Amino acid sequence: MEPSFWHEKWDLKQIGFHQPQINEFLLKYWSRLSLEPSAEVFVPLCGKSLDMCYLAEQGHSVLGCELNQIAVEDFFKENNLPVNRQTHGEHQAYSTEQVSLIQGDIFTLANESTQSINAFYDRAALIAWPEAMRQQYAKKLAELIPVGVKGLLVTLDYDQAALNGPPFAVSPAWIEQYLASHFEVELLECADVLADNPRFVNKQVPWLNEAAYLLTRKG
């Protein structure tokens, strides 16, 4: 999956992955991380997610990383936020009072960029990648997250043979195989959300589970 795939999606406004409301698992389980209000939260592949607004409303500083420039600029425009822009090598940094978004490839993001974070939130990043790139992303995420830092991970799991991703299916077994070596993993909830996702229903996907995990970076 090349970067051009995502750029084309944003160019054509084919952004069904962008949710018009805050994720319910974020609302339900964010408090389980027991963070100080001033904590800095990293959001990989953040798009223009409203979840970042929720995190900022809790008092957090938000550091996002997003490949597409349209997504980043739309976030600030649609939320009526003033923005400063600076260039850092091949990445662009857009910032306002509580939110800083790094526009560019997460795989070339310097590990030092996230060493001050206190937590992370992944709703749309892990499930955005096909298998080989997902394994690469799991390694990169482990590099970016400091030891002891907790995060909330939200995944989707379904019969991948019934529908081509993205979003791609991520099973509990996959989490165990590729993330458990880097993170302590606690399943918080797994819910059947098929009825709430017409695209999957229309494609006759037999089942669709959304899961929330609490991850803690191991030493």
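Residues numbered from 1 in each chain as written. Predicted model: local features only at pLDDT ≥ 70, side-chain atom pairs only at ≥ 80, totals over all residues. Heavy atoms only, no water.

Student: What am I meant to see in the overall build of the protein chain here?
Tutor: Within the protein chain one finds seven helices and nine strands. Relative to its length of 219 residues, the protein chain is compact, with a C-alpha radius of gyration of 16 Å against a globular reference of 17 Å. Per-residue burial over the protein chain gives 48% buried out of 219 residues. In the protein chain, the share of contacts with a sequence separation of at least 24, taken over all contacts with a separation of at least 6, comes to 70%. (Helix = DSSP H or I, 4+ residues; strand = E, 2+ residues; numbered from the N terminus. Rg over C-alpha atoms; globule rule 2.2 N^0.38 Å. Buried < 20%, exposed > 50% of the residue type's maximum accessible area, 1.4 Å probe, protein only. Contact = heavy atoms within 4.5 Å.)

Student: Looking at this structure, I do not really get the state of the cysteines. What am I missing?
Tutor: By definition, a disulfide is the covalent link that joins the sulfur atoms of two cysteine residues. The full count for this structure, using the stated rule, is zero disulfides. We note that cysteine 46 lacks a disulfide partner, and the nearest cysteine sulfur, in cysteine 65, lies 7.1 Å from it. The exposure class assigned to cysteine 46 is buried, which follows from its relative accessible area of 5%. (Disulfide = S-S within 2.5 Å.)

Student: Looking at this structure, how should I read the environment of cysteine 53?
Tutor: Relative to the assigned elements, cysteine 53 resides in helix α3 (residues 51-57). Considered as a pair, cysteine 53 and isoleucine 22 are 31 residues apart in the sequence and their alpha carbons are 8.8 Å apart.

Student: Just checking my understanding: could you explain the pairing of strand β5 (residues 99-103) for this structure?
Tutor: The two faces of a sheet get side chains in turn, since along a regular strand they alternate between them. The buried count for β5 comes to four of five residues, which makes it a mostly enclosed element. Inspection of the sheet shows strand β4 (residues 91-95) paired to β5 by four bridges, in the antiparallel sense. When the bridges of β5 are listed, alanine 93 appears paired with isoleucine 102. Connecting β4 to the antiparallel partner β5 that follows it, the hairpin turn spans three residues. (Pairing = 2+ DSSP bridges.)

Student: Can you help me understand the nonpolar core in this one?
Tutor: Here is a general trend for soluble globular proteins: nonpolar side chains tend to be buried in one another's company. In terms of nonpolar packing, the biggest core is built from 66 residues, with Trp30, Phe42, Leu55, Tyr121, Leu152 and Leu179 touching the most fellow members. Excluding its chain neighbours within four sequence positions, the residues that come into contact with tryptophan 30 are Phe25, Leu35, Val41, Leu55, His60, Ala119, Phe120, Tyr121 and Leu152. (Core = buried A, V, L, I, M, F, W, Y, C linked by side-chain atoms within 4.5 Å.)

Student: Looking at this structure, I do not really get the environment of valine 72. What am I missing?
Tutor: Mapped onto the secondary structure, valine 72 falls in helix α4 (residues 69-78). Given the relative accessible area of 0%, valine 72 is considered buried. C-alpha of valine 72 to C-alpha of tyrosine 94: the two residues are 22 residues apart in sequence and 7.8 Å apart in space. Valine 72 has contacts with Glu66, Tyr94, Leu101 and Gln103, leaving out every residue within four places of it along the chain.

Student: Would you explain the sheet that holds strand β2 (residues 61-66) in this entry?
Tutor: Two strands in a sheet stick together by hydrogen bonds in their backbones, pointing the same way (parallel) or opposite ways (antiparallel). Sheet architecture is open: nine strands sit in the order β3-β4-β5-β2-β1-β6-β7-β9-β8, paired in mixed fashion. Unpaired on one side and paired on the other, β3 (84-88) and β8 (183-192) mark the two borders of the sheet. Between one strand and the next, the sheet's axes are offset by a mean angle of 20°, whatever the strand orientation. In this sheet, strand β9 (residues 208-217) lies alongside β8 in antiparallel orientation, the contact comprising nine bridges. For aspartate 192, the partnering residue across the bridge sits in β9 and is asparagine 209. Here α4 sits on the sheet in contact with β2, β3, β4 and β5, set at roughly 165° to β5. Of the strands in this sheet, β1 (40-44), β6 (119-122), β8 and β9 are in contact with helix α5 (residues 131-144), which crosses β1 at around 165°. (Axes fitted to C-alpha atoms, helices over the stretch in contact; angles between N-to-C directions.)

Student: Mind showing me how you'd approach the pattern of salt bridges here?
Tutor: One side chain can pair with another of opposite charge once the charged atoms of both are near each other. Counting across every chain of the model gives seven salt bridges. The closest approach of N and O atoms between glutamate 78 and lysine 48, which form a salt bridge, is 2.9 Å. You can see glutamate 78 sitting in helix α4 and its partner lysine 48 sitting in the loop between β1 and α3, a full 30 residues away along the chain. For lysine 48, a relative accessible area of 9% gives the class buried. Its salt-bridge partner being glutamate 131, residue arginine 134 comes within 2.8 Å of it at the nearest N-O pair. Taken together, the positions of arginine 134 and glutamate 131, both in helix α5 and three residues apart, correspond to about one turn of that helix. The buried category is assigned to arginine 134, whose relative accessible area is 3%. (Salt bridge = Lys/Arg side-chain N within 4 Å of Asp/Glu carboxyl O.)

Student: I keep staring at α5 and nothing clicks. Help me out?
Tutor: In an α-helix there are 3.6 residues to a turn, and that puts residues three or four apart on one side. End to end, α5 covers 20 Å across 14 residues, agreeing with the expected 20 Å (1.5 Å per residue, within 8%). Its buried side turned inward, α5 meets β1, β6, α6 (172-178), β8 and β9. (Expected span 1.5 Å × (residues − 1).)

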